[in-house]
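# Descriptive analysis of the structure
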Amino acid sequence: MKYTLIEEKGQYALILRGKSMTQYAVVSGLDKETGSWDQTCCYYDFGKLSELTKAEALFKALDYYRMRTDERYISWARMNEIATVLKDGLVEDGIEEAYRYMVDVAELSTTEAEHFGLDMEQYKEAIGEDADNHAVPSSAGGDYSPANPWDAPGMSPSDFI
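To start, this report covers the structure provided alongside it. Residue indices begin from 1 for each chain and proceed along its sequence in written order. Reporting of local features is limited, given that this is a predicted model, to residues whose pLDDT is at least 70; pairs of side-chain atoms are given and counted only at 80 or more, and all residues count toward the totals for whole chains, interfaces and linings. Side-chain descriptors were evaluated using all non-hydrogen atoms of the structure, hydrogens and water having been removed beforehand.

This part takes up the pattern of salt bridges. Just to be clear on terms, a salt bridge is a Lys or Arg side-chain nitrogen sitting within 4 Å of an Asp or Glu carboxyl oxygen. In this structure the tally under the stated criterion is 5 salt bridges. Note that Glu 81 is salt-bridged to Arg 78, the shortest N-O span being 3.3 Å. Of this pair, Glu 81 and Arg 78 both sit in helix α2 (residues 76-93), 3 residues apart, which is roughly one turn of that helix. Close ionic contact of Asp 104 with Arg 100 constitutes a salt bridge, the shortest N to O distance being 2.8 Å. On the criterion of helical spacing, the pair formed by Asp 104 and Arg 100 is a turn pair, its members being 4 residues apart in helix α3 (residues 95-104). In this structure Asp 104 comes out as partly exposed when scored by relative accessible area, which is 37%. Under the scheme used here, helices are H or I runs from DSSP no shorter than 4 residues and strands are E runs no shorter than 2 residues, and both carry numbers assigned from the N terminus. Here's how the labels work: a residue is buried when its accessible area is under 20% of the maximum for its type, exposed when over 50%, partly exposed in between, all with a 1.4 Å probe on protein chains only.

With that out of the way, let us pick up the environment of Lys 9. In this fold, Lys 9 is placed in strand β1 (residues 3-9). Considering only alpha carbons, one finds Lys 9 and Arg 68, 59 residues apart in sequence, at a separation of 9.4 Å. In this structure, Lys 9 is in contact with Tyr 65 and Thr 69, ignoring residues within four places of it in sequence. Two residues qualify as a contact provided that any one of their heavy atoms is within 4.5 Å of a heavy atom in the partner residue.

Right, dumping it as structure tokens:
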């Protein structure tokens, strides 16, 4: 089968394959001399006959490839599962407090809140409450974020120049 090697590590390879080259695949046991492999672990079609764009197919294949080749990597699907379980736990402990936490601490955008299946009317209410109580960031307000590191006690802009 026709293919283009994108990345290879250990027994796994990420390739672009097919006659039309419209499929990303993660394969095991790639033999470059014969152009064959032992097993196709996963593949993602893209193009006219697929719901996936080329970028989406590449992301999914790369996510799987990294899961197989990097023991410290956590896949997007697993991270999404973990975040959903944590969100559900927060909501079970108290819905109003959970929504305040997601607005104030997690700072979820409305797109992210929709992704996790939050009640958007209630979430927007929590955002509205936050807008009423919003303080301008300052060193007095404890804003030592990367945007204002010199506001931290004992720091000044000259420490960063």
